[in-house]
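# Descriptive structure summary
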Amino acid sequence: MFHQIVKAVPNLFTIGNFLCGVLSITFNMSGFIEVASILIFFSAVFDLLDGRVARTLKVNSEFGVVLDSLADIVSFGVAPALLFHTIAAPSILTSLAFIIFPTMGALRLARFSVKPTIGYFKGLPIPAAGLPLAGMGFFSYSNPWITLILAILMVSPIRVKKL
């Protein structure tokens, strides 16, 4: 029984990540842009802790890995893209960036799930792409070119050292 509870602890952090992403979307839709931005940063804290807690408790699981990817697409793919779209001037480029960003994030996460790497990430990790959009959103700044570049970097062959 105790082991089952301990095994669930990292997943609670992942659920915290997911809930912050969902709340970011909700606050964004209600017009609270700064709060929506801050919630994406809280997602990053939960995302950083879930893996570390799992490794510390030695309770890594396939379920936790998949749950983490699903939370990440919401918190660092959809929520930042929606934040960008909310504050950006309407244009075809804005719409394209809004669509491409979470799509490339999902592709990047799927590629990592199928072919994980050790010691590095292939492509910019989705939190590292989503957090700049959250920061830009906090200051009510949007740039479709930056959004597109971040999207392309997520699926690029560049190597990024794991923290």
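Given the structure is predicted, the values throughout are model-derived calculations rather than measurements. (Residues numbered from 1 in each chain as written. Predicted model: local features only at pLDDT ≥ 70, side-chain atom pairs only at ≥ 80, totals over all residues. Heavy atoms only, no water.)

This part is about the overall build of the protein chain. Check the secondary structure of the protein chain and you find 6 helices and 2 strands. Taking 163 residues into account, the globule formula puts the C-alpha radius of gyration at 15 Å, and the protein chain, at 16 Å, falls close to it. If you line up the protein chain on its principal axes, its C-alpha atoms span 55 × 35 × 20 Å. Each of the 163 residues in the protein chain was classed as buried or not, and the buried ones make up 43%. (Helix = DSSP H or I, 4+ residues; strand = E, 2+ residues; numbered from the N terminus. Rg over C-alpha atoms; globule rule 2.2 N^0.38 Å. Buried < 20%, exposed > 50% of the residue type's maximum accessible area, 1.4 Å probe, protein only.)

What follows deals with unusual backbone geometry. The backbone of Lys58 sits at a positive phi, close to 55°, despite the residue not being glycine. Tracing the backbone shows Lys58 in the loop between α2 (33-57) and α3 (62-87). Of the residues examined, Lys58 reaches a relative accessible area of 73% and is grouped as exposed. One non-glycine residue, Ser140, lies in positive phi territory at about 55°.

What follows is about the layout of surface pockets. There is about 1,200 Å³ of room inside the largest pocket. Gly51, Arg55, Asp68, Phe112 and Phe121 are, among the 39 residues lining the largest pocket, the residues nearest its centre. Among the elements that take part in the lining of the largest pocket, α2 stands out by supplying 8 residues, more than any other. For the lining of the largest pocket, the class distribution of residues is 19 nonpolar, 9 polar and 11 charged. (1 Å grid on protein atoms, 1.4 Å probe; cavity = no way out; pocket = protein on both sides within 12 Å on 5 of 7 lines; lining within 4 Å. Points joined across faces, edges and corners; volume = space filled by probe spheres on them. Nonpolar A, V, L, I, M, F, W, Y, C, P; charged D, E, K, R; others polar.)

Take it as geometry only, folks, not as evidence of what the structure does.
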